[in-house]
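Observations on the three-dimensional arrangement
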Amino acid sequence: MTQNSVFKCDKCELELPTGMGGYQYVEDMDQNRIRCDNSEDDIEIKQILSEYWGFSDYHDWKHLLEEHTGFNSYCVCLDCLNIFEADISKNIDGFMKDERVCPECGSLEISTELELVGSQCPACQKGKIEKVQKKILSVPL
Ligand SMILES: [Zn+2]
Ligand SMILES: [Zn+2]
């Protein structure tokens, strides 16, 4: 089940990337982050992981999961409004892989999209960021 939400300011035009606030990824041998959609589920992540890395026993496994999976959040720099992706929210095991720093301007004032919901809009400083459920098109009978 995919749940798409739109994150936007209720006063200005600021709109953030759509989705669940980010996505789960698996890292390949070249450290590219491969996006895994609809993989809430560990099982899928494990399948994808094993395709890239192969694994034989439980220990490899745990290690691979720790080292090579993560959650990329959509992030917003509160200073320059750069929108980027970074693994800065702790996952259930308490890991995060990236620094909370803007790749454009070096600011440390970073919010993830999800953190911004209900907060002041960094663009106009007036509105609030809202999470709006995308309407599902229904076909009239
Ligand atoms: Zn705004
Ligand atoms: Zn910045």
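Residues numbered from 1 in each chain as written. Chains lettered and ligands numbered in written order. Predicted model: local features only at pLDDT ≥ 70, side-chain atom pairs only at ≥ 80, totals over all residues.

Moving on, we come to the environment of Glu15. Within the secondary structure, Glu15 sits in strand 2 (residues 15-19). Residues Glu15 and Glu130 lie 115 residues apart in sequence; the distance between their C-alpha atoms is 9.6 Å. Excluding residues within four positions of it along the chain, Glu15 makes contact with Val6 and Lys8. (Helix = DSSP H or I, 4+ residues; strand = E, 2+ residues; numbered from the N terminus. Contact = placed C-beta atoms within 7 Å.)

All right, on to the pairing of strand 1 (residues 5-9) then. Judged from the three bridges that link them, strand 1 and strand 2 form a sheet pairing that is antiparallel. The residue of strand 2 that forms the bridge with Lys8 is Glu15. The loop that links strand 1 with its antiparallel partner strand 2 comprises five residues. Pairing between strand 1 and strand 8 (residues 129-133): five bridges, direction antiparallel. The partner of Val6 across the bridge, within strand 8, is Val132. (Pairing = 2+ DSSP bridges.)

Overall, antiparallel pairing links the three strands, which are arranged 2-1-8 in an open sheet. What marks the edges here is a single partner per strand, and that holds for strand 2 and strand 8. Sheet twist, expressed as the mean angle between neighbouring strand axes with direction ignored, is 20°. (Axes fitted to C-alpha atoms, helices over the stretch in contact; angles between N-to-C directions.)

This part is about the pairing of strand 3 (residues 22-27). Here five bridges tie strand 3 to strand 5 (residues 69-77), and the two strands are oriented antiparallel to one another. When the bridges of strand 5 are listed, Gln24 appears paired with Phe71. By the bridge criterion, four bridges tie strand 3 to strand 4 (residues 33-36) in an arrangement that is antiparallel. Bridge pairing in strand 4 links Tyr25 to Arg35. As consecutive antiparallel partners, strand 3 and strand 4 are separated by five residues, and within that stretch Gln31 has a phi angle of approximately 65°, a positive value.

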